[in-house]
Amino acid sequence: MKVNSFSVLHRAAQIKTLSSQKFDLVIIGGGVTGAGIALDAASRGMKTCLIEKNDFASGTSNKSTKLIHGGLRYLKQFEIGLVRESGKERAIVHKLAPHLVIPEKMLLPLVEDGTYGKLMTSIGLKVYDLLANVEGDDRRKMLDKFQTLKKEPLLDANTILGGGYYSEYRTDDARLTIELLKKASEFGATIVNYCEMKEFVYTAKGRIKSIECVDHNTAYTFTISSQNFVSATGPWVDVLRDKDASKTKTKHLHLTKGVHIVFPFEMLPLKQSIYFDVDDGRMIFAIPRGRVTYVGTTDTDYSGNLERVVATKSDIGYLLNAVNTAFPKINLDESDIESSWAGLRPLIHKDKKDPSELSRKDEIFSSKSGLISIAGGKLTGYRKMAHRVIDAVIDTIPKQHAKILKASFTDKISLTTNTMRSSKAVKTYQNKLSVALNEIGLEDPYFAWYLTSTYGKQAELIIEKMSAFTNKNIELQLARAELWYGIHYEMINSLSDFFVRRTGRLFFDVSSISLCKNVIIKDCIQYLNWDETRIKQEKKELNRLVKDATFFYDKEF
């Protein structure tokens, strides 16, 4: 395979420019929203900087249901505009990264006394398709009982009345964030992780002129100066608004927690993705993905530790009861769960609203100091959210400066070099990759799927690098090549960066961590020059993350 030139995020090179230049825009927060803003700003011509206090996508943007979806349930809340925008965005983001945003047929079983009746489902899915301009085979189909059970035999034949069959898109939220940041860097943005904003610095007139930051690798403190500042910090938005003394009683965050649990595929061998009813009137997803099937999500109020969000036994009991009720031919219990994740939704507070009733619309807060904050929203809407934020920034700058900026064109920026153009092209490439992997001893077709859906054509660099490692276990060679790629191209700075956000192993292949942990640590020591103190810290943090993903707590932290 010919190796092409690909996007690079290199921390040492990026951090040198932080304190030596004045930026047009500083973005605080490296989740998908911040990443989208960085790409929009840099591609329009703004001198852009983004900092993240932990790793990119380490908060909400790695804890979603991992769907680029239109939000069918928001039709029930009459949020037509949100559904229309989300539906259209699905197709755009699929076009920008077809290996990463993958069409996923969804089955909505109709049951007695369910959330949706047959008529409402038919009408709702029809409206859903119309709002999103869905065409051809992707349009919804209504199924009878026999057809529904044929699609998914594990459903309860005693309660199934029929089903709705429609199209969504599956993704890897952390990988999407990384690709956005790499592309923003190509357009000149300065992007740095593990760099924390500690304080705002103001002019005599009370406008923010700079921020005081600390590099967590070196404890070095420095100042970043800019004309404009945006907070895209998700659940931490109000923390920064408190620092800025701009949080109000009428507009503030309402955090809710969502938990997902992961089963080995053989324990929950669904033939396809399901969106099904729960006893309390909510609906949740069950989605096959590679070697596993994951189920979620919960939606409960949260007021605990922002830095450590975990699944409790109550969360797990809720999801287990839901999945066992929907699929009575299986009988899963806590011991069958392979992994889990828990994350926070930074929603906008509304009095007397239950968590599931709160709007998923985004909202922009502008303070007198010039700080622009964005909260709310959904993974699917990251691009339009970024567009609105940059338009809000442009409204505050002199007209002569605004005139030289380009209009937003992120709907036309492919997120990877030599991107594939369609789902068919992705499948063709995956088959080609499978042949190449067979030749070097990786015969399980899972690896071709995993590398294609994780890296796209960037997998070529990884496969080429594998020959540099002499481990007898071919899977260790692959892991080491992935680490090499992640450090040199994607700013991996810790074990958790590699095992959680760049590769998804903690959630979707947790057993591989024990297989390759020791060689990965040795390579990190070599590449990143870790001392004994850092090695101990990294081991301790990885052990904590594995425990949080595989152990269920009695209460929140």
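The structure under discussion appears in the preceding block.
Rules of the game
- Residues numbered from 1 in each chain as written.
- Predicted model: local features only at pLDDT ≥ 70, side-chain atom pairs only at ≥ 80, totals over all residues.
- Heavy atoms only, no water.
- Patch = residues over 30% accessible without salt bridge, like charges linked within 9 Å, V, L, I, M, F, W, Y side chains within 5 Å.
- Areas by Shrake-Rupley, 256 points an atom, 1.4 Å probe, with all protein chains shown as cover.
- Salt bridge = Lys/Arg side-chain N within 4 Å of Asp/Glu carboxyl O.
- Lys, Arg positive; Asp, Glu negative; His and termini not counted.
- Charge placed at Lys NZ, Arg CZ, Asp CG, Glu CD.
- Helix = DSSP H or I, 4+ residues; strand = E, 2+ residues; numbered from the N terminus.
- Expected span 1.5 Å × (residues − 1).
- Bend = angle between axes of the 7 residues up to and from the residue.
- Buried < 20%, exposed > 50% of the residue type's maximum accessible area, 1.4 Å probe, protein only.
- Contact = heavy atoms within 4.5 Å.
- Core = buried A, V, L, I, M, F, W, Y, C linked by side-chain atoms within 4.5 Å.
- Axes fitted to C-alpha atoms, helices over the stretch in contact; angles between N-to-C directions.
- Parallel < 35°, antiparallel > 145°, perpendicular 65-115°, else oblique.
- Left-handed = near helix turned anticlockwise from the far one by under 90°.
- Nonpolar A, V, L, I, M, F, W, Y, C, P; charged D, E, K, R; others polar.
- Disulfide = S-S within 2.5 Å.
- Pairing = 2+ DSSP bridges.
- Phe/Tyr/Trp six-rings, centres within 6.5 Å; stacked < 30°, edge-to-face > 60°.
- Lys NZ or Arg CZ within 6 Å of the ring centre and 35° of its normal.
- Right-handed = clockwise from strand over helix to strand, strands pointing away.
- Polar contact = N/O pair within 3.5 Å; in protein donor to acceptor, adjacent residues only side chain to side chain.

Engineer: Before we move on, could you go through a positive patch on the surface and cite the residues and values that matter?
Structural biologist: Side chains of Lys141, Lys150, Lys151 and Lys271 sit close together on the surface and give a patch of like positive charge. Residue placement: Lys151 occurs in helix α6 (residues 145-151).

Engineer: Mind laying out unusual backbone geometry, listing which residues take part and the relevant values?
Structural biologist: Look at the link from Gly296 to Thr297: it is a cis peptide, with omega at 25 degrees. Positionally, Thr297 belongs in the loop between β14 (292-296) and β15 (300-301). One non-glycine residue, Asn529, adopts positive backbone phi at about 60 degrees. Position of Asn529 among the secondary structure elements: in the loop between α18 (511-528) and α19 (532-550).

Engineer: Which residues make up α18, and what are the values?
Structural biologist: The terminal C-alpha atoms of α18, which comprises 18 residues, lie 25 Å apart, in line with the 26 Å expected from a rise of 1.5 Å per residue. Taken as a whole, α18 carries its principal kink of about 55 degrees at Lys517. When we look at burial in α18, the residues that qualify are Ser512, Ile513, Cys516, Val519, Ile520, Ile521, Asp523 and Cys524. Those residues of α18 hidden inside the fold are in contact with α15 (474-489), α16 (495-502), α17 (505-508) and α19.

Engineer: Report on the nonpolar core, specifying residues and quantitative values.
Structural biologist: Leu25, Ile37, Leu176 and Ile191 are the most contacted members of the largest nonpolar core, which totals 46 residues. Broken down by secondary-structure element, the contributors of at least two residues to this core are β1 (22-28), α2 (32-44), α4 (80-96), α7 (173-186), β18 (371-376) and α10 (382-394). Per-element tally for this core: the top contributor is α10, with 8 residues. Those residues in contact with Ile37 that sit more than four places away from it in its chain are Leu25, Ile27, Val230, Ala232, Ile374, Ala386, Val389 and Ile390.

Engineer: Describe the packing of helix α12 (residues 423-439) against helix α13 (residues 445-455), with residues and values.
Structural biologist: Remark: α12 packs on α13, axes separated minimally by 8 Å, with the N-to-C direction vectors making an angle of 130 degrees. When the interaxial angle is binned, α12 and α13 end up oblique. In this structure, α12 crosses over α13, and the sense of that crossing is right-handed. Listed contacts from α13 to Val426, Tyr429, Gln430, Leu433, Ser434 and Leu437 of α12 are Phe447, Ala448, Trp449, Leu451 and Thr452. Looking at the contact of α12 with α13 residue by residue, the class counts come to 8 nonpolar, 3 polar and no charged.

Engineer: Tell me what's going on with the state of the cysteines, and back it up with residues and numbers.
Structural biologist: By the definition in use, this model includes 0 disulfides. In this structure Cys195 is not part of a disulfide, and its nearest cysteine sulfur, from Cys213, lies 4.6 Å away. Not part of a disulfide, Cys524 finds its nearest cysteine sulfur in Cys516, a span of 10 Å. When its relative accessible area of 0% is taken as the criterion, Cys524 is described as buried.

Engineer: I'd like to hear about the pattern of salt bridges, residue by residue, with values.
Structural biologist: Counted by the stated rule, this structure contains 36 salt bridges. Linking Arg170 and Glu104 is a salt bridge whose minimum nitrogen-to-oxygen distance equals 3.2 Å. With Arg170 in strand β6 (residues 160-170) and Glu104 in strand β4 (residues 102-111), this pair connects stretches of sequence that are 66 residues apart. A single network of salt bridges, built from pairs that share partners, joins Asp55, Asp497, Arg501 and Arg502.

Engineer: Please set out the pairing of strand β8 (residues 195-202) residue by residue, giving values where relevant.
Structural biologist: Strand direction decides the pairing type here: β8 and strand β9 (residues 208-215), joined by 7 bridges, are antiparallel. Paired with Cys195 across the strands is Asp215, a residue of β9.

Engineer: An account of the packing of aromatic side chains is requested, with residue identities and associated values reported.
Structural biologist: Scanning all chains against the criterion turns up 20 aromatic pairs. Ring centres of Tyr485 and Tyr489 lie 4.9 Å apart, and the angle between their planes is 15 degrees; on these two criteria the pair is classed as stacked. Of this pair, Tyr485 and Tyr489 both sit in helix α15, 4 residues apart, which is roughly one turn of the helix. When sorted by exposure, Tyr485 lands in the same class as Tyr489, which is buried. Taken together, the ring pairs connect Tyr446, Phe447, Trp449, Tyr450, Tyr455, Trp484, Tyr485 and Tyr489 into an aromatic cluster. The residue whose ring lies beneath Arg289 is Phe508, and the NZ or CZ to ring-centre distance is 3.9 Å. Above the ring of Phe551, the side-chain terminus of Lys547 is found at 5.4 Å from the ring centroid.

Engineer: Break down the pairing of β1 for me, citing the residues and quoting the values.
Structural biologist: The buried fraction of β1 is high, at 5 of 7 residues. As defined by bridge partners, β1 adjoins strand β10 (residues 220-231) across 6 bridges and the pair is classed as parallel. Across the sheet, the residue bridging to Ile27 is Val230, located in β10. As for the winding sense of the linkage, the β-α-β connection from β1 through α2 to strand β2 (residues 48-51) is right-handed.

Engineer: Summarise the side chain of Ser414; cite the residues concerned and give the values.
Structural biologist: Here Ser414 shows up in the loop between α11 (399-402) and α12. A distance of 3.5 Å separates the side chain of Ser414 from the side chain of Arg421, its partner in a polar contact. Residues within four places of Ser414 in sequence aside, it is in contact with Leu96, Lys183, Thr419 and Arg421.

Engineer: So what's going on with the side chain of Ser43? Residues and values would help.
Structural biologist: Residue position: Ser43 is located in helix α2. Residue Ser43 is classed as buried on the basis of its relative accessible area, which comes to 2%. Side-chain polar atoms of Ser43 contact the backbone oxygen of Leu39, separated by 2.7 Å. With residues near it in sequence (within four places) discarded, Ser43 still touches Phe187, Lys406, Phe409, Thr410 and Ile413.

Engineer: Give me the lowdown on a nonpolar patch on the surface, citing residues and values where you can.
Structural biologist: On the surface, a nonpolar cluster with roughly 260 Å² of combined accessible area is contributed by Leu119, Ile123 and Val127. Along the chain, Ile123 falls in helix α5 (residues 118-131).

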